[in-house]
2 protein chains.
Amino acid sequence: MNDNNDKQLVNNVAVVGIGLIGGSMALALKEKNIAGKIYGVDANSSHCEKAMALGLVDEIQTMEEAIRLSDVIILAVPVNIADALLPRILQLSEGKVVMDVGSTKNAICQSAATSVNSHRFVATHPMWGTEFSGPEAAVTGAFVNKAVVICDKKNSAPDAVSLVESIYKRLGMHILFMDSVSHDVHTAYISHISHISSFALANTVLEKEKEDENIFELASGGFESTVRLAKSNIDTWVPVFKQNKENVLDVLNEHIAQLKKFKSCLEKENFEYLGELIQNANKIKRILK
Amino acid sequence: MNDNNDKQLVNNVAVVGIGLIGGSMALALKEKNIAGKIYGVDANSSHCEKAMALGLVDEIQTMEEAIRLSDVIILAVPVNIADALLPRILQLSEGKVVMDVGSTKNAICQSAATSVNSHRFVATHPMWGTEFSGPEAAVTGAFVNKAVVICDKKNSAPDAVSLVESIYKRLGMHILFMDSVSHDVHTAYISHISHISSFALANTVLEKEKEDENIFELASGGFESTVRLAKSNIDTWVPVFKQNKENVLDVLNEHIAQLKKFKSCLEKENFEYLGELIQNANKIKRILK
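Residues numbered from 1 in each chain as written. Chains lettered and ligands numbered in written order. Predicted model: local features only at pLDDT ≥ 70, side-chain atom pairs only at ≥ 80, totals over all residues. Heavy atoms only, no water.

## Let's talk about helix 9 (residues 234–243) of chain B
And step 1. Among the residues making up helix 9 of chain B, those that are buried are B:Ile234, B:Trp237, B:Val238, B:Pro239, B:Val240 and B:Phe241.
And step 2. Along its buried surface, helix 9 of chain B packs onto helix 10 (245–267) and helix 11 (271–282) of chain A together with helix 4 (79–91), helix 7 (180–209) and helix 10 (245–267) of chain B. (Buried < 20%, exposed > 50% of the residue type's maximum accessible area, 1.4 Å probe, protein only. Helix = DSSP H or I, 4+ residues; strand = E, 2+ residues; numbered from the N terminus. Contact = heavy atoms within 4.5 Å.)

So, in structure tokens, the structure goes:
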């Protein structure tokens, strides 16, 4: 790491949306001496108050004023809102850099393409999150050693991409480049299906809970691990599933087909094939240490 | 905690099956001064060597000799093997206490019922585990603050139940009592389905990996969390699913039905109902903090 970590990278940054990701990003920008002042923008006044109380941002501003005062604008709102805000933000961002951090990339890249100053936009997706939401969910050190995807970089100005790369490197992230269409296919498999699986597993068990409140006394680490994403926020995830509908449906159909193989093994008492299914699943050890 | 933690509870203990659970149990018995000598029994000679090398047990013995030398016999082998071994172990265990730690309880309680000395058997299930297996997976402090279920205690001698309770209390566990039939219903919801969901999710993503090796670069905490149980051991889990087939099928059918609701929402673009499904799943917050 020959990056000079002592030198502040940019003057000021506007973080639009001070929730889990925006708030954690604001904390990291400060901690890594990336920006001078951090301006927070959020339509939810309670989020603004909490962000100030928690010291996530230096000042709350209107979006227009925050953009005027900043070199970099980080869009960290739900993906449907990001798409809607982006044209207006780009209009105000001549010579600045605008980056988003959303979980889908194709829709926002299309939104950028039809906007003025579209080359000032860099589409990114840091691969980090938790099941919690809001400013109080923000944590320090969130992005270290995680991957971040930069999409469709050919549509962005080279200096904008370069600055965004510097910011993510300073955050300790591993940068991958991908086109936005491929990104949305891959994240359906690697992230979106995990959320649907957890939501559905929670609903499965909660359906049973109606009959017996006590079963949760038995819950241990395995249950918690597979179900924790079920706490994830509706405002974040409905727009993600909506935007990535086709890819998520593909994966969901495959997942249901895989579950039906287990069902069929049990119904037919074919425990040899059940073992084969488990042994195949064990191959995930190659990837998850 | 008025329990006198200084006093050794029993002389010697035989641990039959020195894998993840047996090995962790052996470590905890030593750490909490529950037993003097720990005798290890395992049909796999490589497990025996590792258990000695790792200091999990004091001595490797044949099952017969280990039982002769011990006051308490802990059966920590896969549930199908436990059922098969139990009658022979009970035959040798006049005046001793035999406890199992398996993930299903109905089959072993039935196996005990038809054995001699059946009242010396206490059916238990400590609600702890990881996705790893073998002696090298054993960890210290595994059972602290976890729940343990004791099943069908009316079929066990009161002094045997009392000793088992003392052991689990000394391990720092919270004891629940349940009949073995209810146990198997509840664990299908709270544990077994999580494993099937993870196995199937791993197979879903591995199926995709055939097309593109690179998607795992994107994997982050959420994916790891929902898929980690897919590393779990075939020898442990096939017998569990086999023994608890009917309950697991009930839950699996419910889970597939819940996933189909998500599928239907996406297909019909009914995002309002999708939001309701997510909000319902969020109720798991009441249980998982």
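## Brief notes about the domain arrangement of chain A
Residue and element names in this part refer to chain A.
And step 1. Structurally, chain A comprises domain 1 (10–179) and domain 2 (183–286).
And step 2. Taking only C-alpha atoms, the centre of domain 1 and the centre of domain 2 are 30 Å apart.
And step 3. Taken together, the contacts link 18 residues of domain 1 with 16 residues of domain 2.
And step 4. Taking both partners together, domain 1 and domain 2 bury about 1,400 Å²; carbon and sulfur atoms supply 60% of that area.
And step 5. Of all residues in domain 1, Ser103, Thr104 and Glu131 bury the most surface against domain 2, accounting for 40% of the area lost on that side.
And step 6. At the boundary of domain 1 and domain 2, one finds 2 salt bridges. (Domains from an automatic or database assignment. Buried area = accessible area lost by both parts, 1.4 Å probe. Salt bridge = Lys/Arg side-chain N within 4 Å of Asp/Glu carboxyl O.)

## Describing the packing of helix 4 of chain B against helix 9 of chain B
Residues and elements named next belong to chain B.
And step 1. The interhelical angle for the contact between helix 4 and helix 9, taken along N-to-C directions, is 75 degrees, at an axis separation of 7 Å. The orientation of helix 4 relative to helix 9 falls into the category roughly perpendicular. Contact residues: Val79, Asn80 and Asp83 in helix 4; Pro239, Val240 and Gln243 in helix 9.
And step 2. Counted by class, the contact of helix 4 with helix 9 contains 3 nonpolar, 2 polar and 1 charged residues. (Axes fitted to C-alpha atoms, helices over the stretch in contact; angles between N-to-C directions. Parallel < 35°, antiparallel > 145°, perpendicular 65-115°, else oblique. Nonpolar A, V, L, I, M, F, W, Y, C, P; charged D, E, K, R; others polar.)

## Overview of the environment of A:Trp128
All names here are of chain A.
And step 1. Position of tryptophan 128 relative to the elements: it lies in the loop between strand 6 (121–126) and strand 7 (147–151).
And step 2. Distance in space between the C-alpha atoms of tryptophan 128 and lysine 146 is 6.8 Å, their sequence separation being 18 residues.
And step 3. Of note is the side chain of tryptophan 128, whose polar atom sits 3.4 Å from the backbone oxygen of alanine 142. (Polar contact = N/O pair within 3.5 Å; in protein donor to acceptor, adjacent residues only side chain to side chain.)

## Let's talk about the pattern of salt bridges
Residues and elements named next belong to chain A.
And step 1. Using the criterion set out here, one finds 24 salt bridges over all chains in the structure.
And step 2. Residue glutamate 59 is joined to lysine 37 by a salt bridge in which the shortest nitrogen-to-oxygen separation is 2.8 Å. Taken as a pair, glutamate 59 in strand 3 (residues 59–60) and lysine 37 in strand 2 (residues 35–41) lie far apart in primary sequence, 22 residues in all.
And step 3. For glutamate 59, a relative accessible area of 26% puts it in the partly exposed group.
And step 4. We classify lysine 37 as partly exposed; its relative accessible area is 33%.
And step 5. Note that glutamate 267 is salt-bridged to lysine 263, the shortest N-O span being 3.1 Å. One end of the pair is glutamate 267 and the other is lysine 263, both in helix 10 and 4 residues apart, which spans about a single turn.

## Digging into the packing of aromatic side chains
Residues and elements named next belong to chain B.
And step 1. In the structure shown here, the tally under the stated rule is 8 aromatic pairs over all chains.
And step 2. For the ring pair tryptophan 128 and phenylalanine 143, a centre distance of 5.3 Å and an interplane angle of 65 degrees mean the geometry is edge-to-face. Note that tryptophan 128 is positioned in the loop between strand 6 (121–126) and strand 7 (147–151) and phenylalanine 143 in the loop between strand 6 and strand 7, a separation of 15 residues in sequence.
And step 3. The exposure class of tryptophan 128 is buried, given its relative accessible area of 14%. (Phe/Tyr/Trp six-rings, centres within 6.5 Å; stacked < 30°, edge-to-face > 60°.)

## Overview of helix 1 (residues 20–31) of chain B
All names here are of chain B.
And step 1. In this model helix 1 runs 16 Å from its N-terminal to its C-terminal C-alpha over 12 residues, within 8% of the 16 Å that 1.5 Å per residue would give.
And step 2. Where helix 1 is concerned, the buried positions are Leu20, Ile21, Gly22, Gly23, Ser24, Met25, Ala26, Leu27, Ala28 and Leu29.
And step 3. Check the buried side of helix 1 and you find it contacts strand 1 (10–16), strand 2 (35–41), strand 4 (72–75), strand 6 and helix 6 (158–170).
And step 4. Trailing helix 1 by a residue or two, asparagine 33 shows a phi angle of about 55 degrees, which is positive. (Expected span 1.5 Å × (residues − 1).)

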